[in-house]
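Residue strings, one per chain:
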Amino acid sequence: MAVLTPRRAELWGPRASVRVGLDIGGTKIDGVALGPGDEVLATARHPSPGGVVDVVSTVAALVADLVGDSPLPVAVVGIGIPGLVDPVAGTVRSAVNLGFGPEPVALADLVSRAVGGVPVVVENDVKATALGAHAVLGGDLTLVSLGTGLAAAIVIDGRVLRGASGAAGEIGHLALDRDGHLCGCGQRGCLETIASGAALRREWPHGDEGRSAVHLFAAAEAGDPAAVGVRDRWAAAVALAVRTLALTADSGTVVLAGGVAALGEPLLRSVSAALRQQAAGSPFLRGLALHDRLVLLPGDRPVAAIGAANLCRVEAAR
């Protein structure tokens, strides 16, 4: 196993060491260990626990699994996690799907202590994924994460937009219907309640978000009218999220990511069709051609975890 020893921030970067990236989602944690040349040394996955104590212990176990018997020391751990994140203070709050409340949790310090003092960098999970997508795809982009919840991140000139409180991109909590479903944030009728993986699972309950989505889209493709209705309503809600972001940032590329995005082309086709339908009566929207901007997050590598690992370099360059 790698020797976990404290290292100062100025030593972070592409030296003879391992960088660990962890993407913490509402249902699973993906991890990656990157070598000195950015090569993927190991990957790992674990179901997400609930609550601060269990999240920290699970992260520490994943780090140990990822570094294994590597002779290289671990230089830094980067973490992408839902909620409102202060990367400078290393705190997280309001990660509602993980059981984190409104008070800041010093996650970077807690994890650092659990892994022997290695420096830890934290960032909102969607923002970390967007940085990973930017590294792969290049250019300005907006990333829409369709996981347990719904969130987005905007990357402009290689930098992720955070906002005054870290809430930039949290469009899932845009309240649309005061009589709608109760959201985990405490509001009713949030966009997340109709355009997330959890919303899809509620309307088509066939396992977790991924299994529900696969079953739904297969049933709709087979002509089940109930499935067609659920799929089209859900895709229209996702298209609304895309439109909202396009009218905010006007990025040239909109990346569909998150657990539901594992559907691949069927998801892309459905959301594109919804965007075209919504633009049919609006020359303004037709001119934006939003359906042509959609792409899927590359699925041949752990982009989100790699983005988290690359946070270390971002912090070192500041």
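Please read these numbers as outputs of a predicted model, since none were measured by experiment.

## What about helix α2 (residues 107-114)?
If you check which residues of α2 are buried, you get Leu107, Ala108, Val111 and Ser112. Burial along α2 is one-sided: seen end-on, the buried residues are contained in an arc of 130°. Close packing links the buried residues of α2 with α1 (52-67), β4 (74-81), β6 (91-93) and β7 (120-124). The first or second residue beyond α2 is Gly116, which carries a positive phi of 85°.

## Here's the deal with the pairing of β7
In summary, the side chains of a regular strand alternate between the two faces of the sheet. Among the five residues that make up β7, five are buried, leaving the element largely enclosed by the rest of the structure. Taken together, the five bridges between β4 and β7 define a ladder with parallel strand orientation. The partner of Ile81 across the bridge, within β7, is Asn124.

## Quick notes on the environment of Trp204
Mapped onto the secondary structure, Trp204 falls in the loop between α4 (197-203) and α5 (209-221). A sequence separation of 11 residues divides Trp204 from His215, and the C-alpha atoms of the two residues are 8.4 Å apart. Once residues within four sequence positions are removed from consideration, Trp204 is found in contact with Ser212, His215, Leu216, Ala219, Asp224, Ala226, Ala227 and Val230. Of the polar contacts made by the side chain of Trp204, one reaches the side chain of His215; its length is 2.8 Å.

## A look at the sheet that holds strand β11 (residues 253-257)
Read across the sheet, five strands follow the order β10-β9-β8-β11-β12 without closing on themselves; strand pairing throughout is mixed. A single partner strand is all that each edge strand has here, and the edge strands are β10 (159-160) and β12 (294-296). Looking at chain direction, strand β8 (residues 141-146) and strand β9 (residues 150-156) are connected through six bridges and run antiparallel. By the bridge assignment, Leu146 is partnered in β9 with Leu150. Together, β8, β9, β11 and β12 form the strand contacts of helix α6 (residues 225-249), whose direction differs from that of β8 by roughly 155°.

## A look at the sheet that holds β4
Strands in a sheet are paired, the pairing made by backbone hydrogen bonds, and the direction either parallel or antiparallel. Reading across from one edge, β3-β2-β1-β4-β7 is the order of the five strands in this open sheet, with mixed pairing throughout. Taken across any chain shown, the strands that pair with only one partner, and hence form the sheet edges, are β3 (40-47) and β7. Across this sheet, the average inter-strand angle for adjacent strands is 15°, counted without regard to direction. Its contacts with the sheet put α2 on β4 and β7, and the angle it makes with β7 is roughly 140°.

## Focus on the nonpolar core
Among the nonpolar cores identified, the biggest contains 40 residues, and Val144, Leu146, Trp234, Leu267, Val271 and Leu294 are the most heavily contacted of them. Looking at this core, the elements that each hand over two or more residues are β8, β9, α5, α6, β11, α7 (265-279) and α8 (283-288). Per-element tally for this core: the top contributor is α6, with 11 residues. In contact with Leu267, other than residues within four places in its own chain, are Leu146, Phe217, Trp234, Leu256, Val260, Ala261 and Leu296. Counting 32 residues, the second largest nonpolar core, distinct from the first, contains Ala33, Ala42, Val74 and Ile81.

## So, the pattern of salt bridges
Counting across every chain of the model gives eight salt bridges. Asp30 is the partner of Lys28 in a salt bridge, and the nearest nitrogen-oxygen pair spans 3.0 Å. Given a relative accessible area of 27%, Lys28 falls into the partly exposed group. Asp232 is the partner of Arg231 in a salt bridge, and the nearest nitrogen-oxygen pair spans 3.0 Å. By relative accessible area, Asp232 is classed as partly exposed at 38%. Look at the salt bridges and you will find they share partners, linking Lys28, Asp30 and Arg45 into a network.

## Remarks on the environment of Ala133
Inspection of the secondary structure assignment puts Ala133 in helix α3 (residues 125-137). Take Ala133: its relative accessible area is 0%, and that puts it in the buried class. As a C-alpha pair, Ala133 and Gly307 span 174 residues in sequence and 7.5 Å in three-dimensional space. Excluding anything up to four places from it in sequence, Ala133 contacts Gly138, Leu141, Leu143, Leu297 and Val303.

## A short note on the confidence of the model for the protein chain
With 92% of its residues at a pLDDT of at least 70, the protein chain reaches an overall mean of 88. Across residues 1-14, where pLDDT falls below 50, the model places 38 contacts with residues more than four positions away in sequence or in other chains.

Criteria and thresholds
- Residues numbered from 1 in each chain as written.
- Predicted model: local features only at pLDDT ≥ 70, side-chain atom pairs only at ≥ 80, totals over all residues.
- Heavy atoms only, no water.
- Buried < 20%, exposed > 50% of the residue type's maximum accessible area, 1.4 Å probe, protein only.
- Helix = DSSP H or I, 4+ residues; strand = E, 2+ residues; numbered from the N terminus.
- Arc of directions from axis to C-beta.
- Contact = heavy atoms within 4.5 Å.
- Pairing = 2+ DSSP bridges.
- Polar contact = N/O pair within 3.5 Å; in protein donor to acceptor, adjacent residues only side chain to side chain.
- Axes fitted to C-alpha atoms, helices over the stretch in contact; angles between N-to-C directions.
- Core = buried A, V, L, I, M, F, W, Y, C linked by side-chain atoms within 4.5 Å.
- Salt bridge = Lys/Arg side-chain N within 4 Å of Asp/Glu carboxyl O.
- pLDDT = per-residue confidence, 0-100.

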